[in-house]
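A closer look at the structure
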Amino acid sequence: MGELEDAVMTRVWKWNRPVTVREVLEDLQQERSIAYTTVMTVLDNLHQKGWVRREAEGRAYRYEAVSTRAAYAAALMNDAWSQSDNPAAALVAFFGMMSDEQRTALRDAVRIVQGPEETEPGDTRPDTAPENPGSAPEADGR
């Protein structure tokens, strides 16, 4: 996604509702000089790329994000990682660039994906993880 596409999508994600070209234009014009047709073209490109859906409203469209900013970021990371000839080394390098706060967020995310019964490295408890860690907890609270 280019810089202008990102600026437009930032607004669509932030507002979290269907938006018009005019709304995006007026917000962008607070930061830069930009034409209505430019914003209209960017939103049309984002629609063609599958990042926004649109619905006709009179002679105009209302645009709405197809997925979240988090999903977009995850797709970028996955794409970059999958292009590496050494994924493990790429992850080590990426983790090395992270701040303490980002590493904490990563640990929290791993715990969420693994589920509450997964053990951590160095944990001496027996492994009681479910066979499918992405599945929902059982009704008995396990």
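Residues numbered from 1 in each chain as written. Predicted model: local features only at pLDDT ≥ 70, side-chain atom pairs only at ≥ 80, totals over all residues. Heavy atoms only, no water.

Going by an unreviewed UniProt entry, the chain carries the name BlaI/MecI/CopY family transcriptional regulator and comes from Streptomyces cupreus. On record in UniProt, under Sequence similarities (unreviewed entry), the comment for the chain is "Belongs to the BlaI transcriptional regulatory family." (UniProt positions renumbered as here; feature names shortened; annotations may be inferred.)

**Brief notes about helix α1 (residues 3-15)**
Compared with an ideal rise of 1.5 Å per residue, which puts 13 residues at 18 Å, α1 spans 19 Å between its outermost C-alpha atoms and is within 8% of the ideal. Among the residues of α1, those classed as buried are E5, A7, V8, M9, R11, V12 and W13. Structurally, α1 contributes buried residues whose contacts are with α2 (21-28), α3 (36-49), β1 (52-57), β2 (60-65) and α4 (69-82). One or two residues past the end of α1 sits N16, with phi positive at roughly 55 degrees. (Helix = DSSP H or I, 4+ residues; strand = E, 2+ residues; numbered from the N terminus. Expected span 1.5 Å × (residues − 1). Buried < 20%, exposed > 50% of the residue type's maximum accessible area, 1.4 Å probe, protein only. Contact = heavy atoms within 4.5 Å.)

**Section: the pairing of β2**
Sheet topology note: the β1/β2 ladder contains six bridges and is antiparallel. Across the sheet, A56 pairs through a bridge with Y61, a residue of β2. Hairpin geometry of β1 and β2 is characterised by an intervening segment of two residues between the two adjacent antiparallel strands and by a positive phi of about 70 degrees at G58. (Pairing = 2+ DSSP bridges.)

**A look at the packing of aromatic side chains**
The geometry of an aromatic ring pair is captured by two quantities: the separation of the ring centres and the angle between the planes. Tallied over the full model, the rule gives four aromatic pairs. Seen in terms of ring centroids, W13 and Y72 are 5.7 Å apart; in terms of plane orientation they differ by 35 degrees. Their pairing is tilted. With W13 in helix α1 and Y72 in helix α4, this residue pair connects regions lying 59 residues apart in the sequence. For the pair formed by W13 and Y72, the shared burial category is buried. Ring pairing ties together the aromatic residues W13, W51 and Y72, which thus form one cluster. Stacked on the ring of Y61, the Lys or Arg R54 has its end atom at 4.2 Å from the ring centre. (Phe/Tyr/Trp six-rings, centres within 6.5 Å; stacked < 30°, edge-to-face > 60°. Lys NZ or Arg CZ within 6 Å of the ring centre and 35° of its normal.)

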